[in-house]
Amino acid sequence: MARKWLPIAVLLALLGVGGVYLYLYPPLPRPPEIGRSLPANLSEANAEFKRRVEAQFPLPMSDDALRAQLTEQGFHVSNGDTVAVFEKRHYPCRLRWSIFWEEEDGAVTAFDTMHGGICL
């Protein structure tokens, strides 16, 4: 009788281990293209991220167009503020790509970025 339940117990154990792994190390969401493959050094990574943002979004550009493009790329764009954030949680760390911009009369006039992370 016990031999009958052994394959089921092994399968359940494997599913449990796989579930815990996916919970701790989720494969998705992937960072937007402009935030991928940055240098390991955080100050170098932030400088490269800013360079990519400025290259992809030439100024001046409309605030509405910027918001739409950032949303399409997976950033969370706040309604009232001029900031967009993409966050990736990967236990025990959290990585964040942030884009800040200055807006004047509906046009984006300057960018700043912040890429960083925190681990337990």
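Being a predicted model, the structure only gives us computed values, none of them experimental.

Chemist: Looking at this structure, I do not really get unusual backbone geometry. What am I missing?
Modeler: Trans peptide bonds make up the majority, and among non-glycine residues the majority have a negative phi. The step from Leu59 to Pro60 runs through a cis peptide bond, and the omega angle for that step is -5°. Here Pro60 shows up in the loop between helix 2 (42-56) and strand 1 (61-62). A positive phi is found at Ser37, a non-glycine position, where the angle reads about 55°. Along the chain, Ser37 turns up in the loop between helix 1 (2-24) and helix 2. The phi dihedral of Asp105 is positive, around 55°, even though this residue is not glycine. Here Asp105 is to be found in the loop between strand 4 (93-104) and strand 5 (107-119). On the basis of relative accessible area, Asp105 is assigned to the exposed category, the value being 78%.

Chemist: So what exactly am I meant to see when it comes to the pattern of salt bridges here?
Modeler: When charged atoms on two side chains of opposite charge get close, those side chains can pair. Per the stated rule, a full pass over the model turns up seven salt bridges. In this structure, Arg52 engages Glu48 in a salt bridge whose closest nitrogen and oxygen atoms are separated by 3.0 Å. Here Arg52 and its partner Glu48 are both found in helix 2, four residues apart, which amounts to about one turn of the helix. Of the residues examined, Arg52 reaches a relative accessible area of 17% and is grouped as buried. Note that Arg96 and Glu87 form a salt bridge whose closest N and O atoms lie 2.5 Å from each other. On the basis of relative accessibility, which here comes to 37%, the residue Arg96 falls in the partly exposed class. Among the ionic contacts, a cluster of salt bridges with common partners joins Glu48, Arg51 and Arg52.

Chemist: Explain the nonpolar core to me, please; I cannot follow it from the model alone.
Modeler: Side chains that are nonpolar tend, in soluble globular proteins, to be buried together. With 18 residues, the main nonpolar core has Leu70, Phe75, Ile99 and Trp101 as its most contacted residues. Only helix 2, helix 3 (63-72), strand 3 (83-90), strand 4 and strand 5 provide two or more residues apiece to this core. In contact with Ile99, not counting residues within four places along its chain, are Ile34, Phe49, Val53, Leu70, Phe75, Thr82, Val83, Ala84, Phe111, Asp112 and Thr113.

Chemist: Teacher, can you tell me more about helix 3 here?
Modeler: One turn of the α-helix equals 3.6 residues, which is why residues spaced by three or four share an orientation. Those residues of helix 3 not exposed but buried are Asp63, Leu66, Arg67 and Leu70. Along the axis of helix 3, the buried residues cluster in a sector spanning 100°; they form a single face. Structural note: helix 3 exposes Asp64 and Glu72 on the side pointing more than 90 degrees away from its buried face. As for helix 3, its buried residues are in contact with strand 1, strand 2 (76-77), strand 3, strand 4 and strand 5. Regarding helix 3, its N-cap is Ser62, as a side-chain oxygen of that residue lies 3.2 Å from the backbone nitrogen of Asp64 further along. In the segment just after helix 3, Gly74 is the residue with positive phi, at about 110°.

Rules used in this analysis
- Residues numbered from 1 in each chain as written.
- Predicted model: local features only at pLDDT ≥ 70, side-chain atom pairs only at ≥ 80, totals over all residues.
- Heavy atoms only, no water.
- Helix = DSSP H or I, 4+ residues; strand = E, 2+ residues; numbered from the N terminus.
- Buried < 20%, exposed > 50% of the residue type's maximum accessible area, 1.4 Å probe, protein only.
- Salt bridge = Lys/Arg side-chain N within 4 Å of Asp/Glu carboxyl O.
- Core = buried A, V, L, I, M, F, W, Y, C linked by side-chain atoms within 4.5 Å.
- Contact = heavy atoms within 4.5 Å.
- Arc of directions from axis to C-beta.
- Polar contact = N/O pair within 3.5 Å; in protein donor to acceptor, adjacent residues only side chain to side chain.

Read these as layout, nothing more, since geometry by itself doesn't imply function.
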